[in-house]
Every structure is written in C-alpha cells, then in structure tokens.
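Listed below are the residues making up each chain.
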Amino acid sequence: MWALRRASIQFRNRGLTTGTCQICCGKTEITNCCLDTYSAGVNESPERIFDGLLSCTRSYITSSSFLKSHREARAFSFQAGANSNGEDDDNFEDGFSELETPQEIAQEATSGDEIDDENETDAGDKKTSVKVAFSAITYAIRTAPDLPVSTVMDKWVEEGNEVTQDGVSSAMHYLRKRRLRVRALQLSEWLESTKHFEFVDKDYAIRLDLIAKTRGLRKAEVYIEEIPESFRTEIVYSTLLANYVSATNIKKSEELFNKMKDLGFLLSCFSYNQLLLLYTRTVKKKIADVLLLMEKENIKPSLLTYQILIDVKGRDKDITGIEQIIETMKGDGLEPSAHIQALVARYYAAAGLREKAEAVLKDIEEGDIEKNRWIYQELIPIYASLGRDDEVDRIWKVCESRLHECTAVIEAWGHLKKIENAELAFEKMLKVWKKPPAKVFTALLKVYTNHKMLEKGKDLVKQMSDVDCYMGPVTWDAIVKLFLAAGEVEKADTILENAVKEKRGRPLFCTYCAIMEEYAERGDVHNAEKIFQMMRRVGYCFRVGQYKLLLRAYVKANTPAYGFSDRMRADNIIPNQAMARQLAQMDKFKKSPIDDLLE
C-alpha cells in the first residue's frame with residue numbers, strides 16, 4: 001500500500017497477531033520507516049494492539065540498541081543537533097504549534113512566542129510601518145489590556161455595537177496567536193454566558209484547548225464532560241488528546257485514543273500523528289506499531305507524518321534514512337514542504353554535510369519565496385550553523401525590519417559571535433517599531449546569556465521594564481537563565497515565583513528544570529523539592545528526567561531519599577538504568593540495624 005519499506009532496513013523477526021489474522025512486518029509496507037536498530041518478537045491477542053493504546057497482552061523479546069535521547073519541544077520545533085550528549089533533555093515548551101493542533105483549531109492559533117504589540121505586521125520592503133486591519137472588537141480588546149475581556153465586551157454592547165461572528169473570530173485568532181490564552185478564554189466564556197452565538201464543536205474545542213493550557217488538564221477533563229454530547233466530536237476529543245501529548249502523558253493519551261475508537265469515530269491522520277509525536281519523545285519502539293495501525297485502518301500519511309519520521313531519523317543521525325523517507329514521500333505523490341526541506345537542511349548541516357545543506361537551502365529559495373516568506377526565519381539559523389555569515393547578512397538585507405527575521409538574525413549573529421551585529425539589528429528594530437515586542441528583547445537577552453555578558457543582560461532587562469514590555473513565559477525563561485548564568489540562583493527562583501503569581505501563562509517546563517538542576521548540583525534538597533512541587537501544581541506531568549534531577553540533589557547531599565521509588569511508581573514512571581544505579585547508591589545511605597545499636 002505504501003512504499004515506506006524503502007525508507008529503512010527491515011525489522012527482524014517482528015510480527016503481530018490480531019485475533020486469527022497474523023500481520024508480519026516483514027510483509028507490510030509501513031513498519032520499516034523509523035527504527036532500524038530495533039528487533040523484537042511480539043505475540044498479541046485480541047483486536048487491540050499495544051499496551052494501553054489498544055489494550056492487549058503482549059510479550060516482548062527484545063534485542064535492541066536504543067536510540068539516543070533527544071530534545072523535543074512541546075511546540076515540536078525541530079532542532080537538529082541541539083543536544084548530542086546522549087542524556088535526557090526535557091525542555092518541553094508550553095503550548096504547541098499548528099503542527100500539533102487539529103487543523104480547524106490551528107487556523108485560529110498559529111504558533112507565536114509573545115504578544116506582538118503595536119505595528120502588527122512587518123515594516124515591509126519599503127521600510128514603512130504598516131498596520132494590520134484588525135476587527136473593531138479586536139481593537140477594543142487589545143487597547144484595554146488591563147480590563148477583563150468581559151468588561152470590555154459589556155461596554156462594547158452598551159455602546160450599541162454589534163457582536164459579529166467575523167469580529168469575534170478575528171479577536172479570538174489575535175489572542176490565541178499571541179498566546180494571550182487567559183484573555184482568549186475570557187472572551188470564550190463571555191460569548192457562551194451571553195449566548196450571542198450558538199456554540200458548535202469547533203468553539204467547544206477552542207474553549208477546551210484554552211482551559212487545558214491555562215488551568216490544567218484536570219479542569220479540561222471536567223469541562224469536556226459538560227459539553228453537550230452531540231458536540232463531543234472527534235475535533236473535541238483530539239484537542240484534548242493533543243494536550244495530553246503536549247504534557248507527555250502516555251497513559252491518558254493512550255486511554256483517550258482507545259475511547260475515541262470505542263465511540264466509533266473515524267479517526268483522522270491528526271490523531272495518529274499525535275501518537276507518533278508522543279512516542280518520539282518517550283517509547284520510540286512503539287512508532288512502528290502506530291504506523292502498522294495506520295496501514296491497517298487505511299489512514300494515508302500526511303506531510304506531518306513524514307516530517308515526524310524524518311525528525312526521528314535525523315535525531316538518530318541517519319542521513320540515509322532521511323533521504324529514503326523523502327523518496328518514499330515523493331513516491332506517494334507528496335512533495336516536501338518548505339518546512340520539511342528546512343528540516344532536512346538542518347540535519348545535513350548538523351551532520352557536517354555542507355554541500356548538501358546549501359543545495360537544499362538554495363532549492364528552497366528558488367521556490368515561491370514570496371508565498372513562503374516566513375521560511376527566511378528558518379534559513380537564517382541554518383546558514384549561521386554553517387558559518388555562512390555572508391548569507392546571513394544577505395538575507396537580512398532582503399528582509400530587515402521584519403519582526404520574525406529580526407529575532408532570527410539577532411540569534412544568528414550571536415551564534416556567529418558577532419555581538420555588535422546582533423546589537424545593530426536590535427537597534428534597527430527599536431527605530432522601526434514604536435514599541436518592539438518582547439521576542440526582540442528576548443532574542444538579544446539570549447545572546448548576552450550565552451556569551452556570559454551578564455551586565456549587558458541585566459541592563460537589557462531594566463530597559464524592558466522601563467518601556468513596560470510585555471513579559472510572558474519565553475521572556476521569563478530567558479531572564480531566569482541570565483541570572484542562573486550569573487550564579488544568582490535565588491534571584492532566578494524569585495523571578496519564577498513572581499512569574500507564576502502574575503498568571504500571564506504557565507512558565508516553561510525547561511525554566512523549572514533549569515532552576516531545579518542548579519539546586520540539585522548544590523545538594524539543596526529542600527529547594528529542589530520546592531521546584532518539583534511547583535511543577536506539579538501548575539499541571540506539568542513528570543518523566544524520568546525530573547526525578548533524576550531530584551534524586552541528584554539527594555545524592556549530592558548524602559541524604560536518604562525515603563519512599564523515592566514509591567513516588568515514581570505513583571506517577572507511572574519506571575526508572576532507566578542510570579536511575580536504577582542512583583537508587584541503588586541511595587540504599588547505601590540507609591542506616592542498618594547495627595548502626596542504631598552503635599549510636
């Protein structure tokens with residue numbers, strides 16, 4: 001059916017038995033696309049496949065060389081070569097991009113880092129400021145940032161203005177695109193309470209997504225039960241599934257996927273892609289099971305499916321595998337998107353294949369670059385990683401004054417150790433934009449942090465405060481890491497606590513982990529536990545990596561970690577080999593009966 005067999009070396013000795021029908025991966029077209037180092041024997045009974053996802057009894061006989069762990073942002077940002085030390089990196093950013101949201105919802109909330117205040121669009125080629133034509137409702141909300149949205153909308157109606165579907169959609173798109181989720185949720189709640197419109201499944205799905213991101217998954221689970229049953233469609237359940245995946249909650253993701261099948265939904269490729277995203281972060285050997293299930297259900301892979309598989313190969317530094325998947329995709333009638341091409345170029349660059357990387361980059365630029373103008377922000381960091389400061393400069397001259405390219409070029413100059421150029425780009429944006437958005441400040445702040453320019457970083461933070469720059473999770477993360485680099489852990493901790501109190505979005509997962517790692521290195525058990533519990537309170541699910549950090553604090557402090565294994569089991573976490581060795585080491589700290597007698 002699909003020619004994905006060409007994309008990888010075949011699995012050895014792998015088969016699935018479903019009821020009376022045996023499906024052998026050696027004879028299928030799909031299961032060979034990702035993990036060529038894995039070999040297993042699988043025996044399965046009833047209709048459902050693999051533990052939790054399709055509940056069954058399964059026995060593995062494995063002989064595998066596990067792939068190196070990798071960085072995976074919740075935004076599913078493909079960062080080739082970002083982490084090559086072989087250790088877990090749990091830097092999951094809050095929120096997920098349009099790649100991870102149902103397509104209908106994605107149109108309402110494309111990815112963005114912070115609010116883009118004033119002068120919403122780029123200055124353009126003529127270097128003159130151009131403003132987006134916002135709806136009147138959007139303008140009313142964005143010009144009253146200190147008032148609850150309900151108050152703004154009540155005043156809007158009292159003044160005799162009409163609440164139109166187009167106006168509301170524009171406002172919701174604006175708020176969600178800029179991750180102003182609390183205000184977006186306020187708008188949704190006002191609309192439902194005032195009954196200006198009858199909600200449909202898409203409206204409920206947006207509301208559910210906002211609740212999950214601002215109030216946590218438990219509140220989202222309560223809300224989905226309040227949605228009228230006739231509107232609990234696949235788009236609603238798949239929105240919750242995407243949030244489970246974003247939280248890396250394997251158990252709930254699999255259970256919900258099962259429930260959707262039990263309810264008789266004809267699942268779209270989006271739901272299967274969510275499982276692929278989940279398993280690229282957790283249990284990679286299950287990727288093949290998802291692909292086999294897709295083939296069995298006759299689900300045609302999408303561009304995102306191939307993009308995920310390419311990313312898996314790239315993280316394993318399997319360039320041949322990447323090229324085979326590209327050929328397979330073309331054989332299935334799909335041409336690589338500009339984003340996929342940029343992903344491939346990034347992995348070529350990370351592998352040191354300069355000529356191949358530059359050939360792909362040139363191919364991207366030969367396409368419809370005006371239609372895909374956003375791709376410039378993808379090209380800039382790749383050229384920087386290749387050391388091509390001339391190409392970075394060339395692109396910057398073409399698109400200078402554009403917001404997204406500016407942030408990319410600031411970081412690129414930082415990577416190339418040309419700090420003055422980064423500062424010049426920043427200064428240019430200060431002249432073009434009346435009030436530059438936080439992402440521009442954050443980009444330069446990261447440069448200062450990475451180059452240990454702590455005083456300049458602190459001055460920049462003060463400048464942000466002086467201009468009343470909006471600060472959200474991404475900015476907080478940059479500020480926290482600046483103070484961590486300066487060795488001021490307590491100050492970084494205080495900033496995080498204040499960020500939580502401000503309730504302008506949940507601080508990033510990696511922000512908590514960065515502070516906890518510093519406390520762990522100090523052997524500060526009390527503060528490491530405090531950060532650990534803060535993460536739990538804001539709704540983050542735990543993985544081995546966080547328990548590993550916490551345990552490191554106990555090891556450094558030579559303090560017994562009583563009940564540590566029980567805590568892990570309560571979170572359905574099985575320690576890896578490194579963790580098991582640490583737990584064994586902790587046993588040495590326990591007192592023996594003879595120790596008590598001798599005291």
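These numbers were taken from a predicted model, which means no experiment stands behind them.

Focus on the overall build of the chain
Step number 1: Secondary structure assignment for the chain yields 29 helices and four strands.
Step number 2: Considering only residue pairs separated by 6 or more positions, the chain has 66% of its internal contacts joining residues 24 or more positions apart.

A short note on the side chain of Ser135
Step number 1: Relative to the assigned elements, Ser135 resides in the loop between helix 1 (103–106) and helix 2 (136–142).
Step number 2: A distance of 3.3 Å separates the side chain of Ser135 from the backbone oxygen of Gly167, its partner in a polar contact.
Step number 3: Side chain to side chain, Ser135 and Ser170 meet in a polar contact 3.4 Å long.

What about the packing of helix 8 (residues 234–246) against helix 9 (residues 250–262)?
Step number 1: It is at 9 Å that the axes of helix 8 and helix 9 come closest, and there the two elements cross at 165°. On the basis of the axis angle, helix 8 is roughly antiparallel to helix 9. The crossing of helix 8 and helix 9 is left-handed. Here helix 8 contributes Glu234, Tyr237, Ser238, Leu240, Leu241, Tyr244 and Val245 to the contact with helix 9, which in turn contributes Lys252, Ser253, Leu256, Phe257, Lys259 and Met260.
Step number 2: Of the residues belonging to the contact of helix 8 with helix 9, the class tally is eight nonpolar, two polar and three charged.

Topic: the packing of aromatic side chains
Within a pair of aromatic rings, the relevant descriptors are the distance that separates the centres and the angle that separates the planes.
Step number 1: Tallied over the entire structure, the rule returns ten aromatic pairs.
Step number 2: Centre to centre, the rings of Tyr237 and Phe265 are 5.8 Å apart; their planes meet at 45°, and the pair counts as tilted. Placement of the pair is Tyr237 in helix 8 and Phe265 in the loop between helix 9 and helix 10 (269–281), with a sequence separation of 28 residues.
Step number 3: Residue Phe265 is classed as partly exposed on the basis of its relative accessible area, which comes to 23%.

Here's the deal with the pattern of salt bridges
Side chains that carry opposite charge are capable of pairing whenever their charged atoms lie near each other.
Step number 1: According to the stated counting rule, one finds 36 salt bridges in the structure shown.
Step number 2: A salt bridge links Asp311 to Arg315; the nearest nitrogen and oxygen atoms lie 2.7 Å apart. With Asp311 and Arg315 both in helix 12 (residues 303–315) and four residues apart, this pair spans about one turn of that helix.
Step number 3: Classification of Arg315 by relative accessible area gives buried; the value is 13%.
Step number 4: Linking Asp566 and Arg569 is a salt bridge whose minimum nitrogen-to-oxygen distance equals 2.1 Å. Residue Asp566 and its partner Arg569 are both found in helix 27 (residues 564–570); the two are separated by three residues, about one turn of the helix.
Step number 5: On the basis of relative accessibility, which here comes to 45%, the residue Asp566 falls in the partly exposed class.
Step number 6: Three or more residues joined by partner-sharing salt bridges are found here, namely Arg354, Glu358, Lys362, Glu365, Arg388, Asp390, Glu391 and Arg394.

Quick notes on the rules
- Residues numbered from 1 in each chain as written.
- Predicted model: local features only at pLDDT ≥ 70, side-chain atom pairs only at ≥ 80, totals over all residues.
- Heavy atoms only, no water.
- Helix = DSSP H or I, 4+ residues; strand = E, 2+ residues; numbered from the N terminus.
- Contact = heavy atoms within 4.5 Å.
- Polar contact = N/O pair within 3.5 Å; in protein donor to acceptor, adjacent residues only side chain to side chain.
- Axes fitted to C-alpha atoms, helices over the stretch in contact; angles between N-to-C directions.
- Parallel < 35°, antiparallel > 145°, perpendicular 65-115°, else oblique.
- Left-handed = near helix turned anticlockwise from the far one by under 90°.
- Nonpolar A, V, L, I, M, F, W, Y, C, P; charged D, E, K, R; others polar.
- Phe/Tyr/Trp six-rings, centres within 6.5 Å; stacked < 30°, edge-to-face > 60°.
- Buried < 20%, exposed > 50% of the residue type's maximum accessible area, 1.4 Å probe, protein only.
- Salt bridge = Lys/Arg side-chain N within 4 Å of Asp/Glu carboxyl O.

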